[in-house]
Each structure stands twice: as structure tokens, then as C-alpha cells.
Amino acid sequence: MSFPKTDPTQTKAWKNLSDHFEVVKNVKMQELFAQDLERGKEMGLTWDDFYLDYSKNRISKETLPLLVDLANEVHLKKAIEAQFQGEIINETEGRAVGHTSLRNFDQLPSEVKATLEKMKSFSSDVIHGTWKGYTGKAITHVVNVGIGGSDLGPDMVCEALAYYRNHLEVRFVSNVDGDHVMESLKGLDRETTLFVIVSKTFTTQETLTNAQTIREWFLKNASEKDVAQHFVAVSTNLQAVTDFGMAPENIFPMWDWVGGRFSLWSAVGLSISLSVGYDHFEQLLEGAHAMDIHFRKSEFSQNIPVILALLSIWYNNFYGAESECIVPYSQYLNKLVAYLQQGIMESNGKSVDRNGHTVHYQTGTIVWGSTGTNAQHAFFQLIHQGTKLIPTDFIAFRESLYGNLDHQNKLLANCVAQTEALLQGTYSTSVDNNFKVFEGNKPTNTLLIKKLTPYSLGSLIAMYEHKLFVQGVIWNIYSYDQWGVELGKKLAKGTLSAIESNDISNVSNSSTQELIKKMN
Ligand code: F6P
């Protein structure tokens, strides 16, 4: 089975969608709701503890079937199977894409099973204090050292699952900014702190520099032989980790078929397992797997990630929307958007198609957002009355974790009030001046989830993973490489040597030369 490589704009469905767009582009959602009183019910989808309302979109009853035709014509089904069956779909790196197999407990690859077992027993030892620091004390603090996918996922999940946390305090150091490291080390006791160095490649400048600095800090009071009790690593590069001085038994392996931005399900999630316990980590994986099954087996018209992806393509490629906003109505999900930015923008920020040609249509969306209700008092003004079209995902949980009903009702009331205002605006109400006019007709999806649990969080993350995959398939781009970050890494070596030596003769342009001069 080969991975499909269809130019979406050359399909019949694209032509039909273009024609359809001309007919519906000026239709207002307010009218669609007025004409069809059942619209809200018809464009709602229940799956597990999720309810997706996609009725507040600029679509008529014909739009979704036409978008589904597009998915069929670019052979989305075949692409999904190719991914799940472990084909080398990341062709530019010659790799399979296997993050879904990390959470399929019925068919776990043996090396994954062994690693999960190792994570389980290690987490339990650290949490229960059987794992001792070099002076015999139990661990109280964990510091995850990594960047990108080796940081954002674990950090986001640890914060999202704060309610389920145990006594361990988990911190995250990512930036090569030395002040970040020093702030993160503040107040830490060497005798009771565990450092988890996470780097798929173990070549990343930021992580290696931070790990080195932390090691030196640790050795100010401890000795080399004590390192084994305080440093563990997660990596594919076992040799580099051993060279760094880490004990082989302290290495948690991962594999090149797990992409960095999809790696929280692997041993990269060790900090999660330490923070909330292995059982909760496993529930996170189970929830993701349930979404995998939904994605793989459901009809496209009943498939949450597929519907979200198709709607996004509708706005991106037909309405010309440049960005999408994501607003979770839960403070626990404060880091979700930053996490998704890497997943979505590192995956689909591409301009060469799978046939090697420069694309002549828009690809990756810009994703941004923040938590509600805070965002209402920050950037919502622009979504309501600005000139740009910004489709927005609202995510809310029906139940709060601490059960404070007064707060919860207000939180949910705000969430629906916003989608209502974005839809309806001041349409059909009289407004005494132009400045108060809200056009409405602003598209939103609302995802209502029963409760924030490790399981539902796993499903939510997997939902966005599959959404971005579908978009990449349709745009005919390779979502699983990230060549675009390599040039900057390479150039940073040259700029570092220019800064260190105060010699700009090898710097290619006068702007950078001046900047480097001013830095010294
Ligand atoms: O920024 C590029 C990138 O390769 C990401 O894809 C990755 O998550 C991050 O760097 C960190 O890489 P590593 O885990 O190898 O240190």
C-alpha cells in the first residue's frame, strides 16, 4: 500500500467545493439557524464522553458531504491505514509513524511493553520513596530537562492533571536561557532532586547545555558516583547518553518511529508518570487509544477529528482564514495551546507537496489561543469585531473537579454566551450606533467533555493529532518531518562562534554583523 499523493486542487471534489463556496459564501449562519430549527441537533455528534457541536459553522447541509468527497478523493482512508499499519509514511526521513502503537495495549510491541514496565516500577519506587538519593533520602522534586516535544507534552499534561498529582513537585527546564535553569534550580535540594534528561536525539544544544549545567551544579556537593541516583535519561541515542555519564540502567529508551511532538505517550512521559502515578499515565494512553479507534473506524461524516479537519480546510482554503483559535474553558489546560502549536505548526507548516512540488494553495493554519474566561478579557474583542475571520474551538468540561457549582455554572455560561454572541451578534436587534454592531456569523466548534480525567485528556490530545494528520493528507504534504527547524540550528553554531570569538568575518550580512558587534 503506498501513501497517496494527490494534489487536492485537481480533484473533482475541490472543483465542486469551489462552486459550492460561490453559492454559500455570503449566506449568514443566523439565516441558516432561522431556516432550520433542528440544525443544532443535526450538526452535533456524541462519542464516548465527548459532544461536538459543529452547527455554528458557515456550512450548509451540502458542505460537509462535499468535504467528505474531498477526503475520499485524496484517499484519506488508505492514508489512515498506512499510518496505523506502520508503513514508512514519513518518507523524507524514511520512518514509520508509530505513536498510536504506543497506546494500543492489545498489541504493544515488546520493547514498548518492557519500557512501560520499567516506567511503572521506577515511578512507583520514586513516589513511594524506595528510590533513594545519594544521602539515603527520598526524592521530593523532579526536574524534566528537554525542549520541544521533550518538554511541551509532559509539561502540558502535568499541569492539566494537577488535580491527580502526588506529593512530588515537578519542574520543567527547556530554554537554553541560563536564567531559566537557575530559576528552576532555586530552592532545590540536591539530595532529594531527580533530573530526567529527555532528548530523542540527545544532540539538542539546549538540552545538553542545560543538562551539563545541572550536572555541574549537582557535583558541587555530590560526587560522580552519586549521579546514577539523581539523573535518568529518555532517548533513542543510548551511546550519547552513556557518553554523558549516565548509567545504562537509568536510560528509558524511545524509538525513531516516534516523532518528538507525538512522544508524550512514550518514555518521554516519564515525568507525567512520576507526577500522577503510572496508573493515571496508562489511563491517558487508554483514552488516546479509544480516540484512535474512533478515528480509524468511524465514517468520515461521524468522525470527530475528520470533521474538525475538514472544517478547518474549508476556512483555510476557501474562506482564506489565516489562523484558528483554541479556547479551553479550564485553567488546567493553560498549556494546551502551546503544546498544540508545536504539533500543528511543526507538522503542517510545509510548502512542498508529497510529489516534491511547491504548493500553490494554503497549507498549515496558524494556531493560537488561551484559556477562557481570561481570553474574553484579552483578545476576544478582535474575534468579535475585528476584520479577520478566526474560526475558534471552544472546549469545556461539564463537571468541575472540585465541584464548586457556582463557579462551574458561570464558567459554562460564559463559554456558551461567547459562541452565541459570535454566531448571533447584534443581528436583528437594533443598535444605536455603529461601534456597537456585532456582525456575528463567526464560526465556532464547541467540544463539551464530561470531565477532565487522564482518560479524556488522552482522547482530546489524540483528537488534535488526528485532525492535523488529516489536514496534512489532504494538503498532500509530509506532516511528520520538520526540516524547517534545521537551518536555524546549523546557523546558531556559526553565530555562537562569532559571539565567542568576537570575529564577524564569517557572518554573511551587515545586519547580523552589527547585531553581533552590539552583543559583545
Ligand atoms: O525543534 C525541532 C525538534 O526536533 C522537535 O521536533 C523536537 O521535539 C525537539 O527539537 C527536541 O528534540 P530532542 O528530543 O531530540 O532533543
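About the cut-offs
- Residues numbered from 1 in each chain as written.
- Predicted model: local features only at pLDDT ≥ 70, side-chain atom pairs only at ≥ 80, totals over all residues.
- Heavy atoms only, no water.
- Near = heavy atom within 4 Å.
- Polar contact = N/O pair within 3.5 Å; in protein donor to acceptor, adjacent residues only side chain to side chain.
- Phe/Tyr/Trp six-rings, centres within 6.5 Å; stacked < 30°, edge-to-face > 60°.
- Lys NZ or Arg CZ within 6 Å of the ring centre and 35° of its normal.
- Domains from an automatic or database assignment.
- Buried < 20%, exposed > 50% of the residue type's maximum accessible area, 1.4 Å probe, protein only.
- Helix = DSSP H or I, 4+ residues; strand = E, 2+ residues; numbered from the N terminus.
- Pairing = 2+ DSSP bridges.
- Right-handed = clockwise from strand over helix to strand, strands pointing away.

### Focus: the site of the ligand
Looking at the ligand, there are 14 residues lining it, with Ser 150, Ser 199, Thr 201, Thr 204 and Glu 346 nearest. One of the side-chain N or O atoms of Thr 201 is found 2.6 Å from an oxygen atom in the ligand.

### Brief notes about the packing of aromatic side chains
What the rule picks out here adds up to 29 aromatic pairs. Members of the aromatic cluster, each reached through a chain of ring pairs, are Trp 14, Phe 21, Trp 314, Tyr 315, Phe 318, Tyr 319 and Tyr 361. Taking the ring centre of Phe 252 as reference, the NZ or CZ of Lys 118 above it sits at 5.1 Å. The lysine or arginine in question, Arg 190, covers the ring of Trp 217, its NZ or CZ lying 4.0 Å from the ring centre.

### Things to note about the domain arrangement of the chain
Assigned domains of the chain: these are domain 1 (8-95 + 283-475), domain 2 (104-276) and domain 3 (483-519). One C-alpha centre belongs to domain 1, the other to domain 3, and the line joining them spans 40 Å.

### A word on the pairing of strand β8 (residues 323-329)
The buried count for β8 comes to seven of seven residues, which makes it a mostly enclosed element. A two-sided burial pattern is seen for β8, the buried positions comprising Ser 323, Cys 325, Val 327 and Tyr 329 on one face and Glu 324, Ile 326 and Pro 328 on the other. Across four bridges, the pairing between β8 and strand β9 (residues 366-369) is parallel. Bridge pairing in β9 links Cys 325 to Trp 368. Viewed along the sheet, the connection from β8 through helix α15 (residues 336-348) into β9 turns out right-handed. Alignment of β8 against strand β10 (residues 392-397), held across five bridges, turns out to be parallel. When the bridges of β10 are listed, Val 327 appears paired with Phe 394.

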